[in-house]
Amino acid sequence: LLYLTVTNNGENNRDADHSVLQFLSPPNAGEQGRPLKYLTHFDNVYLLPGAQKTLEICLNPEQFMLADENGDFEVIFGQWKLMIGDIVQFLDVQG
């Protein structure tokens with residue numbers, strides 16, 4: 001479980017609507033038909049000037065699955081990259 005706090009800095013004293021996109025990039029991305037990255041979750045956050053909201057980001061095993069050459073899904077072990085906005089976190093998925 002990860003936590004991410006989104007803040008409306010209040011520039012121009014305006015309400016803000018922001019989309020928070022979560023992407024994963026698998027080990028060996030771009031090779032053997034693996035995607036470079038893919039969208040795993042998104043939140044739309046509405047904030048008044050100066051307000052903030054903390055989002056819970058829950059990762060589950062299904063998000064680390066890709067189809068093999070037969071079309072069957074399997075967990076891919078190794079180092080994955082989690083990307084949310086300009087935040088990058090590396091995750092080691094082990095069996």
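Report on the accompanying structure. Note that the structure is predicted; figures quoted are calculated from it, not measured.

Thoughts on the environment of Glu62
No. 1: Locating Glu62 in the fold gives a position in the loop between strand 4 (52-57) and strand 5 (65-67).
No. 2: Judged by its relative accessible area of 55%, Glu62 falls in the exposed class.
No. 3: A sequence separation of 28 residues divides Glu62 from Arg34, and the C-alpha atoms of the two residues are 16 Å apart.

Re a nonpolar patch on the surface
No. 1: Together, Leu21, Leu39 and Phe42 give the surface a local cluster of nonpolar side chains, amounting to about 290 Å² of exposed area.
No. 2: Relative to the assigned elements, Phe42 resides in strand 3 (residues 38-47).
No. 3: Exposure remark for Phe42: the relative accessible area of 51% places this residue in the exposed category.

Topic: the sheet that holds strand 3
No. 1: Read across the sheet, four strands follow the order 3-2-7-8 without closing on themselves; strand pairing throughout is antiparallel. The strands lining the two open edges of the sheet, one partner per strand, are strand 3 and strand 8 (87-93). Neighbour-to-neighbour, the strand axes of the sheet open up by a mean angle of 20 degrees, direction not taken into account.

Considerations on the side chain of Gln63
No. 1: One can find Gln63 in the loop between strand 4 and strand 5.
No. 2: Classification of Gln63 as buried rests on a relative accessible area of 12%.
No. 3: Apart from the residues within four sequence positions on either side, Gln63 is in contact with Gln22, Leu24, Tyr38, Thr40, Cys58 and Trp80.

A short note on the nonpolar core
No. 1: Formed by 16 residues in total, the largest nonpolar core has its most connected members in Val20, Leu24, Phe64, Trp80 and Ile84.
No. 2: Of all the secondary structure elements, the ones that give two or more residues to this core are strand 1 (2-7), strand 2 (16-25), strand 3, strand 4, strand 7 (78-84) and strand 8.
No. 3: Per-element accounting of this core gives the leading share, three residues, to strand 7.
No. 4: Residues in contact with Trp80, not counting those within four places in the same chain, are Leu24, Ser25, Pro26, Pro27, Tyr38, Gln63, Phe64, Leu66, Gln89, Phe90, Leu91 and Val93.

About the thresholds
Residues numbered from 1 in each chain as written. Predicted model: local features only at pLDDT ≥ 70, side-chain atom pairs only at ≥ 80, totals over all residues. Heavy atoms only, no water. Helix = DSSP H or I, 4+ residues; strand = E, 2+ residues; numbered from the N terminus. Buried < 20%, exposed > 50% of the residue type's maximum accessible area, 1.4 Å probe, protein only. Patch = residues over 30% accessible without salt bridge, like charges linked within 9 Å, V, L, I, M, F, W, Y side chains within 5 Å. Areas by Shrake-Rupley, 256 points an atom, 1.4 Å probe, with all protein chains shown as cover. Salt bridge = Lys/Arg side-chain N within 4 Å of Asp/Glu carboxyl O. Pairing = 2+ DSSP bridges. Axes fitted to C-alpha atoms, helices over the stretch in contact; angles between N-to-C directions. Contact = heavy atoms within 4.5 Å. Core = buried A, V, L, I, M, F, W, Y, C linked by side-chain atoms within 4.5 Å.

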